[in-house]
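As a plain string of letters, each chain reads:
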Amino acid sequence: MSVKVKRGLFYLVGLLILSFGITMTILAGLGAGAWDALNVGLSLMTPFTVGNWVILVGIFLIILNAILSKRKPEILSLITIVILGFFIDFWLLFIFPNVFITGVVLQYLVLTIGIVMMALGIATYLQAKFAVIPIDRFMFVLQDLFGVRLMVAKTIGEVSALIAAFAAGGPIGVGTILVTFLIGPLIQFFFPKLERMVYGTKEA
């Protein structure tokens, strides 16, 4: 299989995995990731779905990233956020409608699966090196801006979103804290392994 085909598969499969992970953290009921808590909070305040807000917040971040990096807006990123928004609404509205997870053990299990799937999904779709999600571009912009490691930049972005999610009345809880501080290290763990699968490069 050619590298080009691998990149295309990793792009779509990665976004599907990521959307599933996001859905699991929301359904766990222990507090969603900061960005997702923001989108859920905004969806509860408006007639728009969580997926709709993924797109709208993504557009805002495309503009912000362009300003911070002093580059032109990444218009192609619209493709990625539209696909992700569609996938999230697909899971929430069609596959798991009106699902409520009960029982602390099951909630934490679903949350754990969600966090791992989110990190795996991000590390997977990034291998395509095409139109990254504005949230993840924000991570790279912060990395360049502050000269920090990838996981540190991701954590800074998550904390920023946490503040916004709190203001929007999103579902914040222990799950939010776990996502905020675990997602970066997990991406750092998965990324070089997946990179080796696609490009044959050595792990960092």
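Bear in mind the structure is a predicted one, so any value in this text is a computation, not a measurement.

Participant: Sorry, what's going on with the overall build of the protein here?
Facilitator: Regarding its fold elements, the protein presents eight helices and zero strands. Its helices and strands taken in sequence order, the protein reads α-α-α-α-α-α-α-α from the N to the C terminus. Here the C-alpha atoms of the protein give a radius of gyration of 16 Å, agreeing with the 17 Å that 2.2 N^0.38 yields for 204 residues. Based on the C-alpha atoms only, the size of the protein along its principal axes is roughly 45 × 35 × 30 Å. For the protein, the exposed surface amounts to about 10,100 Å²; the carbon and sulfur share of it is 74%. Computed over 13 positive and 8 negative side-chain charges, the inter-centroid distance for the protein is 10 Å.

Participant: What's the story with the packing of helix α2 (residues 34-45) against helix α3 (residues 50-69) in this structure? I'm lost.
Facilitator: Close contact between α2 and α3 brings their axes to 9 Å; oriented N to C, the two are set at 120°. When the axes of α2 and α3 are compared, the crossing they make is right-handed. Contact with α2, carried on its side by W35, N39, V40, L42 and S43, involves V50, W53, V54, V57 and L61 of α3 and no other residues of that element. Its residues assigned to classes, the contact of α2 with α3 comprises eight nonpolar, two polar and no charged.

Participant: When you look at the side chain of N65 in this model, what are you seeing that I'm missing?
Facilitator: By the element assignment, N65 lies in helix α3. Excluding its chain neighbours within four sequence positions, the residues that come into contact with N65 are P134, R137, F138 and V141.

Participant: Help me understand the pattern of salt bridges in this model?
Facilitator: Pairing between side chains becomes possible if they bear opposite charge and their charged atoms approach one another. A complete count under the given rule lists one salt bridge for this structure. For R137, the salt bridge identified is with E74, shortest N-O distance 2.8 Å. Of the two residues, R137 sits in helix α6 (residues 134-146) while E74 sits in the loop between α3 and α4 (77-95), which places them 63 residues apart along the sequence. Judged by relative accessible area, which is 23%, R137 ranks as partly exposed.

Participant: Honestly, α3 in this entry has me stumped. Any pointers?
Facilitator: One turn of an α-helix holds 3.6 residues; hence residues three or four places apart share an orientation. Taking 1.5 Å as the rise per residue, α3 with 20 residues should run 28 Å; its terminal C-alpha atoms sit 28 Å apart, in good agreement. Those residues of α3 that sit buried are V50, G51, W53, V54, V57, G58, L61, I62, N65 and A66. In this structure, the buried side of α3 is in contact with α2, α4 and α6. Phi for K70, located one or two positions after α3, is positive at around 55°.

Participant: I would appreciate a short explanation of the packing of aromatic side chains in the present structure.
Facilitator: Both the distance between ring centres and the angle between the ring planes are used here to describe each pair of aromatic rings. Inspection of the entire model under this criterion finds 10 aromatic pairs. Centre to centre, the rings of Y11 and F130 are 5.4 Å apart; their planes meet at 70°, and the pair counts as edge-to-face. Pair noted here: Y11 is in helix α1 (residues 3-27) and F130 is in the loop between α5 (104-125) and α6, with a separation of 119 residues, a long-range link. Taking the relative accessible area as the measure of exposure, F130 reaches 31% and is therefore partly exposed.

Participant: So what exactly am I meant to see when it comes to the UniProt feature "transmembrane region" (unreviewed entry) in the protein here?
Facilitator: Look at the UniProt record and you will see "transmembrane region" (unreviewed entry) annotated at residues 9-30, 50-68, 75-96, 108-126 and 162-187. Annotated as residues 75-96, this span is 86% helix and 0% strand, and its ends, taken at the C-alpha atoms, are 31 Å apart. End C-alpha atoms of residues 108-126 are separated by 27 Å, and the span's content is 95% helix alongside 0% strand.

Participant: Any chance you could explain the confidence of the model for the protein here in plain terms?
Facilitator: Low-pLDDT portions of the prediction should not be read for the details of their coordinates. The share of residues in the protein with pLDDT of 70 or more is 98%, and the mean pLDDT across the chain is 90. By mean pLDDT, the top-scoring element of the protein is α5 (95), and the lowest-scoring one is helix α7 (residues 150-168) (85).

Participant: How should the nonpolar core be read in this particular structure?
Facilitator: Side chains that are nonpolar tend, in soluble globular proteins, to be buried together. Counting 59 residues, the largest nonpolar core has Y125 and L126 as the members making the most contacts within it. For this core, the secondary structure elements donating two or more residues are α1, α2, α3, α4, α5, α6, α7 and α8 (174-199). Apart from residues lying up to four places away in sequence, Y125 is in contact with F10, Y11, G14, L15, T80, A131, V132, I133 and D136.

Participant: Before we go on, may I ask you to explain the packing of α1 against α5 in this structure?
Facilitator: At their nearest, the axes of α1 and α5 sit 7 Å apart, and the two run at 155° to each other. Here α1 is positioned roughly antiparallel relative to α5, judged by the angle of their axes. Here the hand of the crossing between α1 and α5 comes out left-handed. Contacts between α1 and α5 involve F10, Y11, G14, L15, I17, L18, F20, G21, I22, M24 and T25 on the former and, on the latter, V110, L111, I113, G114, I115, M117, M118, L120, G121, I122, T124 and Y125. Here the residues of the contact of α1 with α5 are counted per class, giving 17 nonpolar, six polar and no charged.

Thresholds applied
Residues numbered from 1 in each chain as written. Predicted model: local features only at pLDDT ≥ 70, side-chain atom pairs only at ≥ 80, totals over all residues. Heavy atoms only, no water. Helix = DSSP H or I, 4+ residues; strand = E, 2+ residues; numbered from the N terminus. Rg over C-alpha atoms; globule rule 2.2 N^0.38 Å. Areas by Shrake-Rupley, 256 points an atom, 1.4 Å probe, with all protein chains shown as cover. Lys, Arg positive; Asp, Glu negative; His and termini not counted. Charge placed at Lys NZ, Arg CZ, Asp CG, Glu CD. Axes fitted to C-alpha atoms, helices over the stretch in contact; angles between N-to-C directions. Left-handed = near helix turned anticlockwise from the far one by under 90°. Contact = heavy atoms within 4.5 Å. Nonpolar A, V, L, I, M, F, W, Y, C, P; charged D, E, K, R; others polar. Salt bridge = Lys/Arg side-chain N within 4 Å of Asp/Glu carboxyl O. Buried < 20%, exposed > 50% of the residue type's maximum accessible area, 1.4 Å probe, protein only. Expected span 1.5 Å × (residues − 1). Phe/Tyr/Trp six-rings, centres within 6.5 Å; stacked < 30°, edge-to-face > 60°. UniProt positions renumbered as here; feature names shortened; annotations may be inferred. pLDDT = per-residue confidence, 0-100. Core = buried A, V, L, I, M, F, W, Y, C linked by side-chain atoms within 4.5 Å. Parallel < 35°, antiparallel > 145°, perpendicular 65-115°, else oblique.

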